[in-house]
Amino acid sequence: MHPVLIVDDDDALRKVLRLRLARSGFEPFVAAHADDAIQMIESRTCLPHCILLDIRMPDRNGLDLLPEVRRLCPTSPVVMLTASADIETGVEAMRRGAFDYLIKPVVKEQLLATIRKALSYRKIQIENARLEAENREYQENLERKVHERTRELSRAHLQTVAVLAETIEAKDPYTRGHCNRVRQLSTALGRALELGRVELRTLEYGAILHDIGKIGVPEVMLNKNGRLTEQETEVFRAHPVLGESILRPVDFFRDCLPIVRWHHEWYDGRGYPDGLIAEDIPLLVRIVAVADAFDAMTSARPYRSALSLETANAEIRSGCGSQFDPEIGAVFLAREIWKLLDDAESTGSD
Ligand SMILES: [Fe+2]
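Keep in mind it's a predicted model, so treat the numbers as computed, not measured. (Residues numbered from 1 in each chain as written. Predicted model: local features only at pLDDT ≥ 70, side-chain atom pairs only at ≥ 80, totals over all residues. Heavy atoms only, no water.)

## Remarks on the environment of Arg227
Inference 1: In this structure, Arg227 sits in the loop between helix H8 (219-222) and helix H9 (230-236).
Inference 2: Considered as a pair, Arg227 and Tyr303 are 76 residues apart in the sequence and their alpha carbons are 7.7 Å apart. (Helix = DSSP H or I, 4+ residues; strand = E, 2+ residues; numbered from the N terminus.)

Written out as structure tokens, the structure reads:
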């Protein structure tokens, strides 16, 4: 049984409408004043499926009451009751969100037909709202699933990259953990330089992979306790280009290629393989260059022991403008980026 709320200050009309609606199978509720109607709805005494609302009432105009009623019962159509002289007001009410209007004296057939139409409209409204909510929930689930899958894929990619990096380190016990520390130092430096999320991700992967080309450097050379010969130096210096050619076929690593190829370039142009100068070296590469050099200095090598933190910092400071981008070097020192290394990864050389 559909509850219908009648709001009208005319006692006789309220009685007639109530009787007609009750006899026609509805559940009528009546309110003589606007405030009573609001109170009935707010107290949930009546949760109307349809509201008949008089436009002219002594305490409050029905048109003023309309928005409040619509807010309290958004799915309940409101049918305005208007005197014959008020047709324009009835039209205005519909503009403001009323479903329809009835002219007094209300004809019984018209009353019932209008209420039934209003109830059909309400049913469609509720169904639409349900479908919209379902759709919204579906979209949200979908977005969440896509987000989760993307994160899983990223994790899988990162693990693949880490495994690749470990294959290099397996050849050279002196550089164990180097790629991971360069990753941590580079991304900490990148965050200090306020890089965006995508650049940080590229920086992270590039930093892990920067020495992948060492796969082509014979182990005896990597572990040599003494200076490399000229020929050996040439082989060693080929590792950035070799690394780039190893990764080039894999689309996913495309953005990391500059880091792999140019991480031994110097800011003043004296680096290799291409002798790039200053800003011609991409920003992410200049960041990895500082992180890589710092970790190399603070790690033990076959031909020397690890440098102290103070000595390494002094080297970074004096290399600003020659080996390193001076601004990046300055941020590295000022922000004490090495302190952000995981304890487990720390070289302990300070
Ligand atoms: Fe390298």
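## Considering the pairing of strand E4 (residues 78-82)
Inference 1: Within E4, five of the five residues are buried, which leaves the element mostly enclosed by the surrounding structure.
Inference 2: In this view, the connection linking strand E3 (residues 50-54) to its parallel neighbour E4 by way of helix H3 (residues 62-72) has right-handed handedness.
Inference 3: As defined by bridge partners, E4 adjoins strand E5 (residues 100-103) across four bridges and the pair is classed as parallel. In the strand pairing of E5, Met80 is matched with Tyr101.
Inference 4: Note that the unit made of E4, helix H4 (residues 87-95) and E5 has a crossover that is right-handed. (Buried < 20%, exposed > 50% of the residue type's maximum accessible area, 1.4 Å probe, protein only. Right-handed = clockwise from strand over helix to strand, strands pointing away. Pairing = 2+ DSSP bridges.)

## A word on unusual backbone geometry
Inference 1: Cis geometry marks the peptide bond from Lys104 to Pro105, where omega comes out at -5°.
Inference 2: Cis geometry is adopted by the peptide bond preceding Pro273, which originates at Tyr272 and carries an omega value of 10°.
Inference 3: Look at Ala278: it is not a glycine, yet its phi comes out positive at around 45°.
Inference 4: Locating Ala278 in the fold gives a position in the loop between helix H11 (257-262) and helix H12 (283-298).

## A short note on the side chain of Ser76
Inference 1: Following the sequence through the fold, Ser76 ends up in the loop between H3 and E4.
Inference 2: At 2.7 Å, the side chain of Ser76 forms a polar contact with the backbone oxygen of Pro48. (Polar contact = N/O pair within 3.5 Å; in protein donor to acceptor, adjacent residues only side chain to side chain.)

## Some points on the domain arrangement of the protein
Inference 1: Segmentation of the protein into domains returns domain 1 (3-133) and domain 2 (172-345).
Inference 2: One C-alpha centre belongs to domain 1, the other to domain 2; they are set 75 Å apart. (Domains from an automatic or database assignment.)

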